[in-house]
Amino acid sequence: QKLYEAGHISYMRTDSTFLSNQALEEIEKTVKAKFGADHYKRQTYSSKSKNAQEAHEAIRPTHFNITAAGRNPQEEKLYQLIWQRAIASQMADAKVLKTKVTATAQDASIPAFATNGSRVLFEGWLKADPRARGEDVDLPKLAIGEKLDLADISHEGKETQPPSRYSEAGLVKELEKRGIGRPSTYASIIKTIQDRDYVAKENKSLRPTETGEVVSDFLSEHFDKYISDDFTAFMEDQLDSIAEGSKDYVKALKEFYDPFKKEVKSKNDIPKITDLGPAPQGTVCPECGNSMIIKLSRGGKFYSCSRFPDCQGALTLDGKKLEGPKELDEMCPKCGKSHLVEREGRFGKFVACGNYPKCKFIKKDETGGKGGPNDTGVECPMCKSGNMVQKRGRFGPFYGCSNYPDCKNIIKTKPTGNACPMCSALMMEGTKTIPERCSNKFCPMHNPHKLAKTEGKE
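Residues numbered from 1 in each chain as written. Predicted model: local features only at pLDDT ≥ 70, side-chain atom pairs only at ≥ 80, totals over all residues. Heavy atoms only, no water.

J.: What's the story with the overall build of the chain in this structure? I'm lost.
T.: If you tally the helices and strands in the chain, you get 9 helices and 19 strands. Here the chain has a C-alpha radius of gyration of 30 Å; the compact-globule value for 458 residues is 23 Å, and the former is much larger. Counting only C-alpha atoms and orienting by the principal axes, one finds that the chain spans roughly 90 × 60 × 60 Å. Within the span of the chain, comprising 458 residues, buried residues form 30% of the whole. With the model as given, the accessible surface of the chain reaches about 31,600 Å², and the carbon-plus-sulfur share is 51%. Within the chain, the 63 negative side-chain charges are centred at a point lying 2 Å from the centre of the 72 positive side-chain charges. (Helix = DSSP H or I, 4+ residues; strand = E, 2+ residues; numbered from the N terminus. Rg over C-alpha atoms; globule rule 2.2 N^0.38 Å. Buried < 20%, exposed > 50% of the residue type's maximum accessible area, 1.4 Å probe, protein only. Areas by Shrake-Rupley, 256 points an atom, 1.4 Å probe, with all protein chains shown as cover. Lys, Arg positive; Asp, Glu negative; His and termini not counted. Charge placed at Lys NZ, Arg CZ, Asp CG, Glu CD.)

J.: Where do I start with the confidence of the model for the chain in this structure?
T.: Note that predicted coordinates carrying low pLDDT should not be read in detail. Here the chain averages 83 in pLDDT, and 91% of its residues register 70 or above. Low pLDDT (under 50) marks residues 453–458, which in the prediction has 8 contacts with non-local residues, meaning those over four places away or in another chain. (pLDDT = per-residue confidence, 0-100. Contact = heavy atoms within 4.5 Å.)

J.: In this structure, what is going on with the layout of surface pockets? I would like to understand it.
T.: In this approach, a probe sized like a water molecule rolls over the atoms, and the result shows the empty space that is left. The computed volume of the second largest pocket comes to approximately 1,300 Å³. Lining the second largest pocket are 28 residues, with L171, L175, I189, I193 and Y198 positioned closest to its centre. Counting residues per element, the ones that place at least two in the lining of the second largest pocket are α4 (168–178), α5 (186–195), β4 (205–208), α6 (210–222) and α7 (229–244). Residues belonging to the lining of the second largest pocket are distributed by class as follows: 16 nonpolar, 6 polar and 6 charged. (1 Å grid on protein atoms, 1.4 Å probe; cavity = no way out; pocket = protein on both sides within 12 Å on 5 of 7 lines; lining within 4 Å. Points joined across faces, edges and corners; volume = space filled by probe spheres on them. Nonpolar A, V, L, I, M, F, W, Y, C, P; charged D, E, K, R; others polar.)

J.: Got a minute to help me understand α7 in this structure?
T.: In an α-helix there are 3.6 residues to a turn, and that puts residues three or four apart on one side. Compared with an ideal rise of 1.5 Å per residue, which puts 16 residues at 22 Å, α7 spans 22 Å between its outermost C-alpha atoms and is within 8% of the ideal. Of all the residues in α7, the buried ones are F231, T232, E236, Q238, D240 and S241. At its buried positions, α7 is contacted by α8 (249–266). (Expected span 1.5 Å × (residues − 1).)

J.: How do you make sense of the nonpolar core when you look at a structure like this?
T.: A general feature of soluble globular proteins is that nonpolar side chains tend to end up buried together. V31, F35, F64 and I87 are the most contacted members of the largest nonpolar core, which has 21 residues in total. Listed by contribution, the elements that provide at least two residues to this core are α2 (21–34) and α3 (73–88). Considering each element in turn, this core owes the most residues, 6 residues, to α3. The residues contacting I87, other than those within four sequence positions of it, are I27, T30, V31, F35, F64 and A128. (Core = buried A, V, L, I, M, F, W, Y, C linked by side-chain atoms within 4.5 Å.)

J.: I'm lost on the sheet that holds strand β17 (residues 415–419) in this one. Help?
T.: Sheet strands pair by backbone hydrogen bonding; their relative direction is either parallel or antiparallel. Reading across the sheet, the 3 strands line up as β17-β18-β19 and stay open at both edges, with antiparallel pairing between neighbours. This sheet does not close on itself; its edge strands, each paired only once, are β17 and β19 (436–438). In this sheet, adjacent strand axes meet at a mean angle of 35° when their direction is disregarded. Sheet topology note: the strand β18 (residues 426–429)/β19 ladder contains 3 bridges and is antiparallel. Along β19, the bridge assignment pairs E429 with E436. (Pairing = 2+ DSSP bridges. Axes fitted to C-alpha atoms, helices over the stretch in contact; angles between N-to-C directions.)

J.: Looking at this model, I keep getting lost on empty space enclosed by the protein. Mind explaining?
T.: Applying the stated rule across the entire model yields 1 cavity of 30 Å³ or more. Lining the largest cavity, in full, are M235, Q238, L239, I242, A252, L253 and F256. Only α7 and α8 provide two or more residues apiece to the lining of the largest cavity. Ranked by the residues each element gives to the lining of the largest cavity, the list is headed by α7, at 4 residues. Residue classes in the lining of the largest cavity are distributed as 6 nonpolar, 1 polar and no charged.

J.: Mind showing me how you'd approach the sheet that holds strand β8 (residues 314–315) here?
T.: On the basis of which strands lie adjacent, the open sheet formed by 4 strands has the order β5-β6-β7-β8 and antiparallel pairing. Strand pairing shows two members of the sheet lacking a second neighbour, β5 (275–278) and β8, which therefore form its edges. In this sheet, β8 lies alongside strand β7 (residues 300–305) in antiparallel orientation, the contact comprising 2 bridges. Paired with S304 across the bridge in β8 is A314.

J.: Quick question: what am I supposed to make of the packing of α2 against α3 here?
T.: To describe two helices that pack against each other, one gives the angle between their axes and the distance between the axes. The contact between α2 and α3 brings their axes to 10 Å, and the two run at 95°. With respect to α3, the axis of α2 lies roughly perpendicular. Only W83, A86 and I87 of α3 make contact with α2, whose side of the interface consists of I27, T30, V31 and K34. Of the residues in the contact of α2 with α3, the class split is 5 nonpolar, 1 polar and 1 charged. (Parallel < 35°, antiparallel > 145°, perpendicular 65-115°, else oblique.)

Here's what the structure looks like:
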């Protein structure tokens, strides 16, 4: 997105393989100048998918004479990849000789050793994109009967490893393979499953969370038809037919929603899947002494009394007693039917109506509200009517809008009151060497050290 906004690449939410005549002429000049005329070959491609989004050109650099672009290393690498792939698409085929070499020892008691690899006879497009060759072993030119000198020999034991978890790139590749989603929706799909805590990112891998596993099991058991690849592909085809004008959208939606609503309604009486089995042996309820079970809430796993709701006893996984909602001597000002209660939420304690979810009143933090002792005096840039105030959550202090829950803007560190010169988000306090940095983690000013290195490099 940043490369596109800066004018370095064409529109990127497409899987089109079409290149304009202007682009083809530029590529021809670049290939002949950089790699030689023998490496150029005009190539045409067709989309693998019949539903390919071809309203735009293929993703390509806007100017092929620019070989490096981007404000940070990540953008630079991505631009280089786009440049290499676009250039390589109009180059001659590479000629690679696949080879298997078998070496036998003079001592007949020693088994033969073999290796598989290849030898490049003509680089072709590999000259522009050498990494595309992958981990193929580069073998020298050898003749049958040629004697080899032993340089080194070793052995290692290996065990079958489970398949590695999907990375974001691997998940996109799998979605493409199954025909699920479009280039314009891949980013939002990955963002949604992380925002809803269905997966957690560990290094580059996406690990399913307990919430994600419970949701997946529930959908697989009760809505298997609607999460199948076949149904998803069918719906994609229906939507494409509507876009083409060959199918009426009202009829298509009715065909889907009428049976779907009946299916959902038939599952209304299914209890919530929050029980994850019995707690470890010896774990007893602090209230009544009965056995406990593991339950899953929005805040994670905890131990709950097996007699719930008759007994409200609960423990954290490390054995500490969990206190339930504390009733206050104050009626709810919104519904007037229930007392207010103090609850423990993801961001610490808060006061709300005891008649939740029928009444969703939440009392604003009196100590941290606008004009209170924790008010920073910095206007919230999101709603423009509240101020950023200090609050305390599970992981320590943070700063949020005084208009919560109507405005949910939060930042980790105290705001300075200045606006970021690059993205206009709030600047917040930094360190001794960096007095302030941007609160927007996607902005280069969020990490000025990295930005300074990149600008120095440029």
